[in-house]
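Chain by chain, the residues:
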Amino acid sequence: MTQMPQDLIADGTTPIVDFWNEILAPKFMQYRHILVGGLSRHSEAVMPSLEVRSGDRIVDVGCGFGDTAIELANRVGPDGHVLGVDCCDAFLDIARHNAEHSITPNVRFENRDAERGLAEGEFDFAFARFGTMFFTNPVAGLRSMRRALKPGGRMAHIVWRRREDNPWLTAARETVLQHLPAPGDDALTCGPGPFSMANEYVTRLQMEAAGFSQIAFRRIDAKVLIGRTIEDAIAFQLALGPAGEIFREAGPLAEERRPEIEAALAELFADVETDERGLWMDSSSWLITARAPEAN
């Protein structure tokens, strides 16, 4: 995907932040049941192993609807505190509502651009679930997270691994590409994309350049929910992700070919694993952990 410039525009935001708020946020809200419930197995696989301590101060980068921030707040206890940051006000409104109902006074949510808006030396632990992949400048974003940590602070982030290990996204993309052209270089985008940190070697170099040490990668394989029904799964793929980008950018041609595209996706999803909750497909992520330098 083409990286959009991060120059500030008239209202103090950036093109990518505006794209998230104006284009993606309403779709994320519509498919929240997939994006939270469907991805929860990756969180469940790593949360118990995170080096989180009672009393820690934590920042959750790209906190979305706030489920991970609330879970971390429960982990650190009443003497700890969690700050969830995201660029989408719609997500943060839901996060605040969820925090109130789960009675977690030690968590708060703020609209911040994590690539430039984190205070320095404030946190013991930094966390992100599927958020760092969208940093326009990965090294700058990771460096911002590292600077936000106290000396010796810990960090962990979850990112998608290779495309071929994530058919829940790539299979639908390949299906749609049989009917529509790929997006052009001027396509609107949410940033580098979901697989921008899939390469262990490249991502390790980025983290080293950002100042982290003791960098470790752990592979997490888990099924993800792609929809409650085949119809729900099709609508989700045509709204978000790589297939959704292709469909959105094709404009009127996509609508003209919608019936044949939906039929092809229905055939794709006909044989996937299904239970009472919905349809499930294979996915694979990295849990990447690291430390900030100790004080001199």
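Placed above this text is the structure.
Residues numbered from 1 in each chain as written. Predicted model: local features only at pLDDT ≥ 70, side-chain atom pairs only at ≥ 80, totals over all residues. Heavy atoms only, no water.

Peer 1: Go over the overall build of the chain with me, naming the residues and quoting the values.
Peer 2: For the chain, the count of helices and strands is twelve helices and eight strands. A globule of 296 residues ought to have a C-alpha radius of gyration of about 19 Å, and the chain, at 19 Å, matches this closely. The C-alpha extent of the chain, read off along each of the three principal axes, is 60 × 45 × 35 Å. A total of 296 residues make up the chain; the buried ones form 56% of that total. For the chain, contacts bridging at least 24 residues in sequence account for 82% of all contacts bridging at least 6. Counting only carbon and sulfur atoms, one obtains 49% of the accessible surface of the chain, whose full area is about 12900 Å². Side-chain charges of the chain comprise 30 positive and 44 negative groups, with the mean position of each set lying 6 Å from the other. (Helix = DSSP H or I, 4+ residues; strand = E, 2+ residues; numbered from the N terminus. Rg over C-alpha atoms; globule rule 2.2 N^0.38 Å. Buried < 20%, exposed > 50% of the residue type's maximum accessible area, 1.4 Å probe, protein only. Contact = heavy atoms within 4.5 Å. Areas by Shrake-Rupley, 256 points an atom, 1.4 Å probe, with all protein chains shown as cover. Lys, Arg positive; Asp, Glu negative; His and termini not counted. Charge placed at Lys NZ, Arg CZ, Asp CG, Glu CD.)

Peer 1: Residues and numbers for the state of the cysteines, please.
Peer 2: Evaluated as defined, the whole model comprises zero disulfides. We note that C63 lacks a disulfide partner, and the nearest cysteine sulfur, in C87, lies 9.8 Å from it. For C63, a relative accessible area of 4% translates into the label buried. C87 supplies the cysteine sulfur nearest to C88, a cysteine that is in no disulfide, at a spacing of 4.0 Å. (Disulfide = S-S within 2.5 Å.)

Peer 1: Before we move on, can you summarise the packing of helix 6 (residues 138–148) against helix 8 (residues 200–209) with the specific residues and values?
Peer 2: Look at helix 6 against helix 8: their axes get within 8 Å of each other, and the N-to-C directions meet at 50 degrees. As judged from the angle between their axes, helix 6 and helix 8 are oblique. Crossing hand, helix 6 versus helix 8: right-handed. Packed against helix 6, whose contacting residues are P138, V139, L142 and R143, the element helix 8 presents Q206, M207 and A209 at the interface. Partitioning the contact of helix 6 with helix 8 into residue classes produces five nonpolar, one polar and one charged. (Axes fitted to C-alpha atoms, helices over the stretch in contact; angles between N-to-C directions. Parallel < 35°, antiparallel > 145°, perpendicular 65-115°, else oblique. Left-handed = near helix turned anticlockwise from the far one by under 90°. Nonpolar A, V, L, I, M, F, W, Y, C, P; charged D, E, K, R; others polar.)

Peer 1: Could you give an account of a nonpolar patch on the surface, naming the residues involved and the relevant values?
Peer 2: Together, Y201, V202 and L205 line one region of the surface with nonpolar side chains, adding up to about 300 Å² of accessible area. Topologically, L205 is positioned in helix 8. Using a relative accessible area of 39% as the deciding quantity, one classes L205 as partly exposed. (Patch = residues over 30% accessible without salt bridge, like charges linked within 9 Å, V, L, I, M, F, W, Y side chains within 5 Å. Salt bridge = Lys/Arg side-chain N within 4 Å of Asp/Glu carboxyl O.)

Peer 1: I'd like a rundown of the pairing of strand 1 (residues 57–61), residues and numbers included.
Peer 2: On any regular strand, side chains alternate: one points to one face of the sheet, the next to the other face. The element strand 1 is largely enclosed, with a buried count of four among its five residues. Bridge count between strand 1 and strand 2 (residues 81–86): five bridges; the pairing is parallel. Paired with R57 across the strands is H81, a residue of strand 2. For the crossover from strand 1 across helix 4 (residues 67–76) to strand 2, the handedness is right-handed. (Pairing = 2+ DSSP bridges. Right-handed = clockwise from strand over helix to strand, strands pointing away.)

Peer 1: Please give an account of the pairing of strand 3 (residues 107–111) that cites residues and values.
Peer 2: Direction of pairing for strand 2 relative to strand 3: parallel, over a ladder of five bridges. Looking across to strand 3, one finds that L83 is bridged to R108.

Peer 1: Report on the pattern of salt bridges, specifying residues and quantitative values.
Peer 2: All chains considered together, the criterion is met by 22 salt bridges. With a shortest N-O distance of 2.6 Å, E51 and R291 are connected by a salt bridge. Highlighted residues: E51 in the loop between helix 3 (40–46) and strand 1 and R291 in strand 8 (residues 278–291), separated in sequence by 240 residues. Of the charged contacts, one joins R173 and E174 as a salt bridge, the two residues approaching to 2.7 Å between their closest N and O atoms. Judged by relative accessible area, E174 falls into the partly exposed class, the value being 41%.

Peer 1: Break down helix 1 (residues 15–30) for me, citing the residues and quoting the values.
Peer 2: Helical geometry: 3.6 residues make up each α-helical turn, so side chains three or four residues apart lie on a common side. Here helix 1 is 16 residues long and its end C-alpha atoms lie 22 Å apart, about the 22 Å a rise of 1.5 Å per residue gives. The axis of helix 1 is deflected most strongly, by about 50 degrees, at L24, and proline P26 appears within four residues downstream. Of the residues making up helix 1, those classed as buried are P15, I16, V17, D18, F19, W20, L24, A25 and F28. Of the surrounding elements, those touching the buried residues of helix 1 are helix 2 (32–35), helix 5 (89–101) and helix 10 (241–250). (Expected span 1.5 Å × (residues − 1). Bend = angle between axes of the 7 residues up to and from the residue.)

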